[in-house]
Amino acid sequence: MTPSGVAERAARRRAWLFTGLAALWALAAVLPVIWMALMMFKPEAIMFERPPVWVFTPTLAHVDYVLAHGFVWNLVTSLLVAGASTVLVVVVGTPAAYALARFPLARRDDLLLFVLATRMAPPVALAIPFYLIYAKVGLLDSYLGLVIAYLTFNLSFYIWMLWSFCRELPVELEEAARADGYPRGQVLLRVVLPLLRPGIIATAVLCFIFAWNEFLYAFMLGGKAVETLPVAVPKLITSQGVKWGELSLVGIVALVPVLAVVFFLQRHIVRGLTMGAVKG
Amino acid sequence: MSARGRDRWFPWVLLAPAMTILVVVALVPFVYTVYLSLHEMQYARVGAWAGVANYRALLGSGRFWHSVAISALFVAITVPLQFGLGLAGALILNQGVRLRSVIVPLLFVPTMMAPIVVGLLWKIMLAGSWGLVSYNVLERFGILTDTSVLASPALALYALVFIDVWQWTPFVLLALFAGLQSLPVAPYRAAQVDGATALQTFRRLTLPLLAPLMAVIVLLRIIDAFKVFDTIFLLTGGGPGTATESVSLFTYKMVFDFWNLGAATATAVVVWIMFFAFSNVFYQLLKRALRTS
């Protein structure tokens, strides 16, 4: 065999070795999810078998329980709260991000740091004053209260991310439109917004997921009236016992939008999670 | 108003709603918390001016320092593990791995799912005796029998460390992988021409080029690992005893279990100031990373 043939074969073998390692890792990432997905159809009688059972006749008992005990309402609540907070964030955050990116504002660095620090603040420290203030003004256990609380991490995140998208827009188009006599507001609406649309959508979807996944604020501020899906999880862990099948079902439902994003929007996730340090 | 004057006001008009909201939802609560922390608190009632008494009590509390130690230990173990494994994984993924379009999205799953669902997953996997990992791994190697690792005072924290590593290593991996993919090609060609070994190329080229991004990722991980709440809350509630009581759990318990708002607000202020310092460093690092990329 020629030397180049040997080298090629070694390279190919290495590629498969690395592929195997990466695939193993991916399996470790999803195996618990697959196991949980099986749990939601597993009959109570074999749930605690040793060794754990992989193959069984599925039951719909857990699904029935979840449907009968109002968990659909948790789903609706999650959709409403996450949806409303995302819409609000886009409406308010887009112009702010644009302003921060385009205009030589006084103390812009301080403004950006303030936005970032708001994003970084630990929720548990913020939830305390929120709880006390809400108790006074009657916003505890209300949709509005939760939507407002979600602004702390999502509005700051959105402004920060969109600011980084705005900085990548070529300024020439806006200047041309300005030279043609369009007022600044029109330039923003007609020129900037269409160009920003991919960034807006990607960031808004991430905001939706963050709100969808949020637990602490919902748990502390939502009470019994506004129970999102994550809050339904500890509710199924009672002193009478743990409803494992039902828990698994709730967990899987909570995963659905996350899986959709992971498969369709992965380019933007890294950018979002590194606060813009990596371009997607 | 002249056109020039309107121009000057335009950005501030765009900024005003968002900034007003951020001041109301972040700055006002912070100032309010500082105010509360300087008063005697009887449940939610604000009592007399207390000066720094709440802070003195907090800093003299063994339980508080214990929670600081738990958080510090948690950060000190998880972040290096995540970084090491993540870097190794990123380098592997960068070596022409096949099926990348299937593998990469799957890796994202732990990182993007709700932390409370992560907790739930591992509550199931680590359940005593019948949990998949309990039965197949922990019992087989004689580490534990018939009980959940989460109920073990000696091991519960390490179980939480393992879960955090499972959840966040893929993030580090994928962020570093994205960084590797965006590196310029030319210096690598030059290194190849000069006959540099793979190790030399990594040390002299990849590390320095990637360093700003690495700094950003590490700090981000430190910040997030320090805040972890949902998984600990669901899996151990800070227990057994106080074995996994991080600062977040301590703060939560001071409010909702003990109604000790003096201690809770003082902790919140201390944590807040710490995070503001974190954010400031992060901002500087990020600016550097953006300039070099």
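Computed from a predicted model, the values in this text were never measured in an experiment. (Residues numbered from 1 in each chain as written. Chains lettered and ligands numbered in written order. Predicted model: local features only at pLDDT ≥ 70, side-chain atom pairs only at ≥ 80, totals over all residues.)

J.: Quick rundown of the packing of helix 7 (residues 171-179) of chain A against helix 8 (residues 184-213) of chain A? Include the residues and the values.
T.: Residues and elements named next belong to chain A. At a minimum axis separation of 10 Å, helix 7 and helix 8 run at an interaxial angle of 140 degrees. As far as their axial angle goes, helix 8 and helix 7 are oblique. Here helix 7 runs over helix 8; the crossing is right-handed. Of the residues in helix 8, those in contact with Leu173, Glu174, Ala177 and Arg178 of helix 7 are Val187, Val191 and Val192. Looking at side-chain class alone, the contact of helix 7 with helix 8 contains 5 nonpolar, no polar and 2 charged residues. (Axes fitted to C-alpha atoms, helices over the stretch in contact; angles between N-to-C directions. Helix = DSSP H or I, 4+ residues; strand = E, 2+ residues; numbered from the N terminus. Parallel < 35°, antiparallel > 145°, perpendicular 65-115°, else oblique. Left-handed = near helix turned anticlockwise from the far one by under 90°. Contact = placed C-beta atoms within 7 Å. Nonpolar A, V, L, I, M, F, W, Y, C, P; charged D, E, K, R; others polar.)

J.: So what about the interface of chain B and chain A? Which residues, and what values?
T.: Contact with chain B, which involves 83 residues of that partner, is made by 80 residues of chain A. Each residue belonging to the side of chain B that touches chain A can be placed in one class, and the counts come to 66 nonpolar, 13 polar and 4 charged.

J.: If you had to explain unusual backbone geometry to someone new, which residues and values would you point to?
T.: The peptide bond linking arginine 50 of chain A to proline 51 of chain A adopts the cis configuration, its omega dihedral lying at -10 degrees. Take proline 51 of chain A: it is sitting in the loop between helix 1 (3-39) and helix 2 (61-68). Residue glycine 239 of chain B is joined to proline 240 of chain B through a cis peptide bond whose omega torsion reads -5 degrees. Structurally, the position occupied by proline 240 of chain B is in the loop between helix 10 (230-235) and helix 11 (247-256). Positive phi outside glycine occurs at arginine 107 of chain A, with the angle close to 60 degrees. Among the structural elements, arginine 107 of chain A can be located in the loop between helix 3 (71-102) and helix 4 (108-120).

J.: Talk me through the domain arrangement of chain A; I want residue IDs and the actual numbers.
T.: All names here are of chain A. Under the domain assignment, chain A is made up of domain 1 (3-39) and domain 2 (62-273). Its C-alpha centre places domain 1 at a distance of 35 Å from the equivalent point of domain 2. Each partner contributes to the interface: domain 1 provides 4 residues, whereas domain 2 provides 6 residues. (Domains from an automatic or database assignment.)

J.: Run through the packing of helix 11 (residues 244-264) of chain A against helix 4 (residues 100-112) of chain B, naming residues and quoting values.
T.: Where helix 11 of chain A contacts helix 4 of chain B, the axes come no closer than 9 Å and their chain directions differ by 140 degrees. Overall, the two elements helix 11 of chain A and helix 4 of chain B adopt an arrangement that is oblique. Of the two possible hands of crossing, helix 11 of chain A and helix 4 of chain B adopt the one that is right-handed. Taking contact as the criterion, the partners of Val258, Val261, Val262 and Phe263 of chain A in helix 11 of chain A are, on helix 4 of chain B, Pro105, Phe108, Val109 and Met112 of chain B. Along the lines of polarity and charge, the residues of the contact of helix 11 of chain A with helix 4 of chain B split into 8 nonpolar, no polar and no charged.

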